[in-house]
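# Structural features, examined
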Amino acid sequence: LLRVARGTPTAGWLQIMITTCMMETGYFLFEYEGYPNVGQKAPGDIGGDWWLRYDDPDVKTFKLNVERQNGRAAMLGITGCLVHELLGVDALYPTGGLGGAAPPTIF
């Protein structure tokens, strides 16, 4: 994982960051008026007219909590992969790869 990050050229990282920023700001979806010209929209509501919104507060709270829990699980998973890499064990194939070899010794 870290080897891939080091091997990605600077132009590649720049392209990833520009695309991510454009997606986060809604550039690809519609004309975003920007702050302070948000009108009657709630803060952070840049999803466009087709975006599904939950009117029931209980359903909205449940959906937001599920999204938060999924994000935390993803962060823990990535942290586990990073710890494996830092310890010198392949995070995707910790048992030695597809060949079935014994895992490398850590210490």
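The model shown is predicted, which means the values in this text are computed figures rather than measured ones.

## Observations concerning the overall build of the protein
When helices and strands are tallied, the protein shows three helices and zero strands. Taken from N to C terminus, the helices and strands of the protein fall in the order α-α-α. Per-residue burial over the protein gives 7% buried out of 107 residues. The contacts of the protein with a sequence gap of at least 6 include a subset with a gap of at least 24, amounting to 18%. With the model as given, the accessible surface of the protein reaches about 9300 Å², and the carbon-plus-sulfur share is 64%.

## Concerning a nonpolar patch on the surface
Side chains of Trp13, Ile16 and Met17 sit close together on the surface and give an oily, nonpolar patch of about 300 Å² of accessible area. The class of Ile16 is partly exposed, set by a relative accessible area of 42%.

## Observations concerning helix α3 (residues 57–87)
Between its first and last C-alpha, α3 extends 45 Å over 31 residues, near the 45 Å set by a 1.5 Å rise per residue. Downstream of α3 by a residue or two, Gly88 has a phi angle that is positive, lying close to 90°.

## Structural notes on the confidence of the model for the protein
Averaged over every residue, the pLDDT of the protein is 76; the share at 70 or more is 61%. At the level of individual helices and strands, the protein shows its lowest average pLDDT in helix α1 (residues 2–7), which scores 74, and its highest in α3, which scores 89.

Conventions we followed
- Residues numbered from 1 in each chain as written.
- Predicted model: local features only at pLDDT ≥ 70, side-chain atom pairs only at ≥ 80, totals over all residues.
- Heavy atoms only, no water.
- Helix = DSSP H or I, 4+ residues; strand = E, 2+ residues; numbered from the N terminus.
- Buried < 20%, exposed > 50% of the residue type's maximum accessible area, 1.4 Å probe, protein only.
- Contact = heavy atoms within 4.5 Å.
- Areas by Shrake-Rupley, 256 points an atom, 1.4 Å probe, with all protein chains shown as cover.
- Patch = residues over 30% accessible without salt bridge, like charges linked within 9 Å, V, L, I, M, F, W, Y side chains within 5 Å.
- Salt bridge = Lys/Arg side-chain N within 4 Å of Asp/Glu carboxyl O.
- Expected span 1.5 Å × (residues − 1).
- pLDDT = per-residue confidence, 0-100.

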